[in-house]
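# Analysis of the macromolecular model
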Amino acid sequence: MITNRNTDDPTGLGNHRSERLSFYTADRGPVDKFPTWTSRSEKQFRLELAAQADHFTEFKPAEHEQQKHVTLFVHGYNNDWKDAAIRYQKINDAFYAGSGGLGICVLFTWPSNGQTAHYLSDRDDARASGQALSQALNLLYDHATMMEVLASQSRAVCKAKVSVIAHSMGNWVLQNALKYTWERYNKPLLVSLINQCVMVAADVDNDLFAGGETIGGEGAEGMANLCYRITALYSGKDSVLGVSAGLKHFGKRRLGRSGLDKEVKVSDNVWDFDCSALFKPGEKDIHSAYFWTSRIQSVIKAVLQGHDRGIIKARHLPKPR
């Protein structure tokens, strides 16, 4: 777990921003109980994460879909620390646990207030937390670059893909973070940091990628350039994002409710997937149900594994009647 929440509450992580990142590891649950976690320095955390990834099986390029992941999960709005930890545990159990899991999942938790009435202050915290998440991404970028150099010298091989799952307003955190990382390290393009970026019910404008990969300092060029592929999962049934759009009146629909703006051209590594037909009948919490709906879990897993988007649509969308 990586966080920019305040750590001066002995019962857990707070709802205020800290000026520094804090790092934790846990060998067992329950992860929503703070004593389960052990504080680590940045160096300790980085070395332990790299050591775990080094135990992953090495696969040939043609077998890349079997390669393990180091995934960052960025939670959304209205999540206090315990909410975020519980969601993280469910994602870990669904995708990463056991020998057949996808690898290692790391929670990035930012100071969302956990109160519906604080939507706008959460948005401010999300924007400000972009710099903190960028620091975490920079650690991964530095390691990935080092491994690229070693691989070119035939001294090592990277055994893990880096991926991100961001939910709701967590995508706003991610957008800002990747902009900082792009500006600091990678402009122009040198190394693709994130293999698969999964934007779940994203609370961002649906013309976010209108600039494509053009280098101009606007929009989400950092995301488009630092990610090998970006997948936006959306549903018109998401009433939470309907409220979000009503609060802002920015003139654009929410990506997680309407999908990509079809009036603008986006770069070829960005696509969307309408999950509306995959939810169980009567599902009330569409905004979060992506994570416990088995048919959508299968889509997320296929995306992370790097299956072709055409195959994903053919296998996972219901057949027309």
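What counts and what doesn't
Along each chain, numbering runs from 1 in the same order as the chain's sequence is written. Predicted model: local features are reported for residues with pLDDT of at least 70 only, side-chain atom pairs are reported and counted for 80 or more only, and whole-chain, interface and lining totals are derived from all residues. Only heavy atoms go into the side-chain values, all of them from the structure, while hydrogens and water stay out. Every helix listed is a DSSP run of H or I at least four residues long, and every strand listed is a run of E at least two residues long, numbered separately from the N terminus. Buried, partly exposed and exposed residues are distinguished by accessible area as a fraction of the type maximum, computed with a 1.4 Å probe on protein chains only: under 20%, between the cut-offs, and over 50%, respectively. Contact between two residues is taken to exist if any of their heavy atoms lie within 4.5 Å; hydrogens are not considered. A pair of strands counts as paired when DSSP detects no fewer than two bridges linking them. Seen with its strands pointing away from the viewer, a crossover is right-handed when the path leading from the first strand over the helix to the second is clockwise. Salt bridges are defined by distance alone: a side-chain nitrogen of Lys or Arg within 4 Å of a carboxyl oxygen of Asp or Glu. Each pair of aromatic rings taken from Phe, Tyr and Trp, with Trp reduced to its six-membered ring, is defined by centres within 6.5 Å and is described as stacked if the planes are under 30 degrees apart, edge-to-face if over 60, and tilted in the remaining cases. A residue's pLDDT is the confidence the predictor assigns to it, expressed on a 0 to 100 scale. Helix axes are fitted only over the stretch in contact, all axes being lines through C-alpha atoms; the angle between N-to-C directions runs from 0 to 180 degrees.

### Topic: the overall build of the protein
Each helix and strand in the protein was counted, giving 10 helices and 9 strands. The buried share among the 321 residues of the protein stands at 52%. At a minimum sequence separation of 6, the contacts of the protein that also span at least 24 residues come to 72%.

### With respect to the side chain of His167
By the element assignment, His167 lies in strand β6 (residues 160-167). A relative accessible area of 4% places His167 in the buried class. In this structure His167 touches Phe73, Val74, His75, Gly76, Arg87, Val200, Ala201, His287, Ser288 and Phe291, once residues within four positions along its chain are discounted.

### Brief notes about the pairing of strand β5 (residues 103-109)
Across the 7 residues of β5, 7 count as buried, placing the element largely inside the fold. By the bridge criterion, 2 bridges tie strand β1 (residues 2-5) to β5 in an arrangement that is parallel. Each bridged residue has a counterpart across the sheet, and for Thr3 the counterpart in β5 is Thr109. Once you follow strand β4 (residues 68-74) into helix α2 (residues 81-96) and on to β5, the crossover reads as right-handed.

### Thoughts on the pattern of salt bridges
Across all of its chains, the model carries 4 salt bridges by this definition. Two residues, Arg40 and Glu48, come together in a salt bridge whose shortest N-O distance is 2.7 Å. Given a relative accessible area of 24%, Arg40 falls into the partly exposed group. Judged by its relative accessible area of 30%, Glu48 falls in the partly exposed class. Among the ionic pairs, Asp205 bridges to Arg254, the shortest N-O distance being 2.1 Å. Of this pair, Asp205 sits in the loop between β7 (194-200) and α5 (221-226) while Arg254 sits in the loop between α6 (239-248) and α7 (255-258), and the two are 49 residues apart along the sequence. Accessibility expressed as a relative area gives 24% for Asp205, which makes it partly exposed.

### Regarding the packing of aromatic side chains
Enumeration according to the criterion identifies 8 aromatic pairs in this entry. Residues Trp37 and Tyr88 carry aromatic rings whose centres are separated by 6.4 Å and whose planes lie at 40° to one another, so their mutual orientation is tilted. With Trp37 in the loop between β2 (17-25) and β3 (38-40) and Tyr88 in helix α2, this pair connects stretches of sequence that are 51 residues apart. Side by side, Trp37 and Tyr88 carry an identical accessibility label, which is buried. Measuring from ring centre to ring centre gives 6.4 Å for Phe95 and Tyr96, while their planes differ by 75°; the resulting arrangement is edge-to-face. Judged by its relative accessible area of 4%, Tyr96 falls in the buried class. By way of ring pairs, the aromatic residues Tyr24, Phe34 and Trp81 are connected into one cluster.

### Digging into the confidence of the model for the protein
Across the protein, the average pLDDT comes to 84, with 83% of residues at or above 70. Of the regions scoring below 50 in pLDDT, residues 213-217 engages in 13 contacts with residues more than four places distant in sequence or in other chains.

### Observations regarding the sheet that holds β4
With mixed pairing, 9 strands are arranged side by side in an open sheet as β3-β2-β1-β5-β4-β6-β7-β8-β9. Where the open sheet ends on each side, the last strands, each with one partner, are β3 and β9 (270-274). Neighbour-to-neighbour, the strand axes of the sheet open up by a mean angle of 25°, direction not taken into account. Of the strand pairs in this sheet, β4 and β5 are connected by 6 bridges, and their pairing is parallel. Bridged to Val74 within β5 is Phe108. Of the strands in this sheet, β1, β4, β5 and β6 touch α2, which is tilted by about 165° from β5. This element, helix α10 (residues 309-316), spans β8 (227-234) and β9 of the sheet and lies at about 0° to β9.

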